[in-house]
Amino acid sequence: MTTDSKFLRVFDGEVFASPPTWFMRQAGRYLPEYRKLRAQAGSFLDLCFDPDLASEVTLQPIRRFDLDAAILFADILLIPHALGQKLSFVENEGPRLEAVAALKDLDAFRKRDVLETLSPIFETVSKTRAGLGSDKALIGFAGAPWTVATYMLAGGPMKDPGVLRQKLYEEPELIDGLIDILAEKTIDYLLAQIDAGADAVQLFDTWASGLPWPVLDRVSIRPLDKIAKAVKKARPHVPVILFPKGVGEKALDYVLLQGCDGFGIDYAMDPTWARANLGERVVVQGGLDPLLTVTGGKPMEEAAETYLRLFHDVPYVFNLGHGFTPQTPPDHVAALVKFVRRNG
């Protein structure tokens, strides 16, 4: 465990004038050094499963920007891949999977040991941890069951999540069964990342937005509660961060979960509301609109100042309200880091 990390000390209750900083999608297509390695790897999956290259990608933004935490370079769909679902990534289109069609598909998933297939990911974690200074934290991650399930059921990115809500109403055993399997496999996956050297873990529920309350509770809150509790029970000193995008005031239901140490706020959430309702209960992380890092300059700095001002007196992690877009100029990211450290 990294003991002198500013990022981890926040979860022990420390407040910093300049908060620890990292960014979602901080490694990726906006960096020229990433694009060079991506071309060298061949395919995106090959890059994810090459520990040397994936570790290098994870470390690239730390070297360039001197951030306080690295996040494992991987993908939320590696668990479906490890479950035996055919997965490929198509340029300019995104992931494609062989869609889950019926209950019988779940039987094979239950029997699969995902950890064997995902062993290169744990090697990446170990290599990356060894390549980081003791003042830098390493964050492991996984997709939340609902978000991963949307891809598995649709065969790729779901343009209309309402189709899957309808599927939940019509085939509840299929949806509930798949989410339960994903929750169990995700617990195993995160614990293995921690054992390989991850200092904290984050769960991304990108497709949590727009769900009716009973559905949100059923497919997002309860599964994340199960995962977070299991991780905290097994590794009590490892922070668990939840990032359910677009849930608005339902954020409070996640923050009150026993296993939730940190909560990522998205760019649509009112930061004043977040400070008043979440800031005293949990470590709040993020909020800045990633498109402001494309614009840069005064608009980016003024927005960043809002978060620094509102959360100056509570444990807080500076981050985005979602990930960087490919058109983000790296110089703008460097300027943002400099601004946060100068004005925090």
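As the structure is a computational prediction, the values presented were derived from the model and not from experiment. (Residues numbered from 1 in each chain as written. Predicted model: local features only at pLDDT ≥ 70, side-chain atom pairs only at ≥ 80, totals over all residues. Heavy atoms only, no water.)

## Comments concerning the overall build of the protein
Put simply, the rule reads: Think of it this way: any DSSP run of H or I at least four residues long counts as a helix, any run of E at least two long counts as a strand, and we number them from the N terminus. Atoms considered for the radius of gyration are the C-alpha atoms alone. The globule rule reads 2.2 Å times the number of residues to the power 0.38. Exposure classes here rest on a 1.4 Å probe applied to the protein chains alone. A residue is buried below 20% of its type maximum, exposed above 50%, and partly exposed in between. With residues, only the protein chains shown are counted as cover, and all accessible areas are computed by Shrake-Rupley using a 1.4 Å probe. Charge assignment in this entry is limited to Lys and Arg as positive and Asp and Glu as negative, and neither His nor the chain termini are counted. The atoms used to mark charge sites are NZ of Lys, CZ of Arg, CG of Asp and CD of Glu.
Broken down by element type, the protein carries 17 helices and 9 strands. Taking 2.2 N^0.38 as the reference for a compact globule, 344 residues should give roughly 20 Å; the C-alpha atoms of the protein span a radius of gyration of 19 Å, in line with that estimate. Counting only C-alpha atoms and orienting by the principal axes, one finds that the protein spans roughly 55 × 45 × 40 Å. Buried positions account for 58% of the 344 residues belonging to the protein. Put simply, the protein shows about 14000 Å² of open surface, and 49% of that area lies on carbon and sulfur atoms. The average position of the 38 basic charges and that of the 45 acidic charges among the side chains of the protein differ by 1 Å.

## Remarks on the UniProt feature "site: Transition state stabilizer" (unreviewed entry) in the protein
The following threshold applies: UniProt positions are given in the numbering used here, feature names are shortened, and annotations may be inferred rather than shown by experiment. Any two residues having at least one pair of non-hydrogen atoms within 4.5 Å are treated as being in contact. Definition of a polar contact: a pair of N or O atoms within 3.5 Å, with one able to donate and the other able to accept a hydrogen when the atoms are protein atoms, and with sequence-neighbouring residues admitted only if both atoms are side-chain atoms.
UniProt tags D75 as "site: Transition state stabilizer" (unreviewed entry). Inspection of the secondary structure puts D75 in the loop between β1 (69-71) and α5 (78-82). Those residues within four positions of D75 in sequence are excluded, and the remaining contacts are F44, C48, F89 and F141. There is a polar contact of 2.9 Å between the side chain of D75 and the backbone nitrogen of L77.

## As for the pattern of salt bridges
As a reminder, the rule being used: Within this document, salt bridges are pairs made up of a side-chain nitrogen of Lys or Arg and a carboxyl oxygen of Asp or Glu, the two lying within 4 Å of each other.
Across all of its chains, the model carries 22 salt bridges by this definition. For the salt bridge of R9 with E14, the shortest nitrogen-to-oxygen distance reads 2.9 Å. In this structure E14 comes out as partly exposed when scored by relative accessible area, which is 32%. Across the pair K298 and E302 runs a salt bridge, and its minimum N-O distance is 3.8 Å. Residue K298 and its partner E302 are located together in helix α16 (residues 297-310), separated by 4 residues, close to a single helical turn. A cluster of three or more residues bridged by salt bridges with shared partners is formed by D66, D68, D135, K136 and R341.

## Quick word on the UniProt feature "binding site: substrate" (unreviewed entry) in the protein
Per the UniProt record, the feature "binding site: substrate" (unreviewed entry) sits at R25, Q26, A27, G28, R29, D75, Y151, T206 and H322. In three dimensions, the annotated residues from a span of 298 residues occupy distinct locations, with a maximal C-alpha spread of 22.9 Å. Considering the arrangement of structural elements, one finds Q26 in the loop between α1 (6-10) and α2 (32-41). Judged by its relative accessible area of 1%, Q26 is buried. Beyond its immediate sequence surroundings of up to four residues, Q26 is in contact with L31, P61, I62, L67, A69, A70, I71 and F324. As for its position among the elements, A27 is in the loop between α1 and α2. Classification of A27 as buried rests on a relative accessible area of 16%. Among all residues touching A27, those that are not within four sequence positions of it are V57 and P61.

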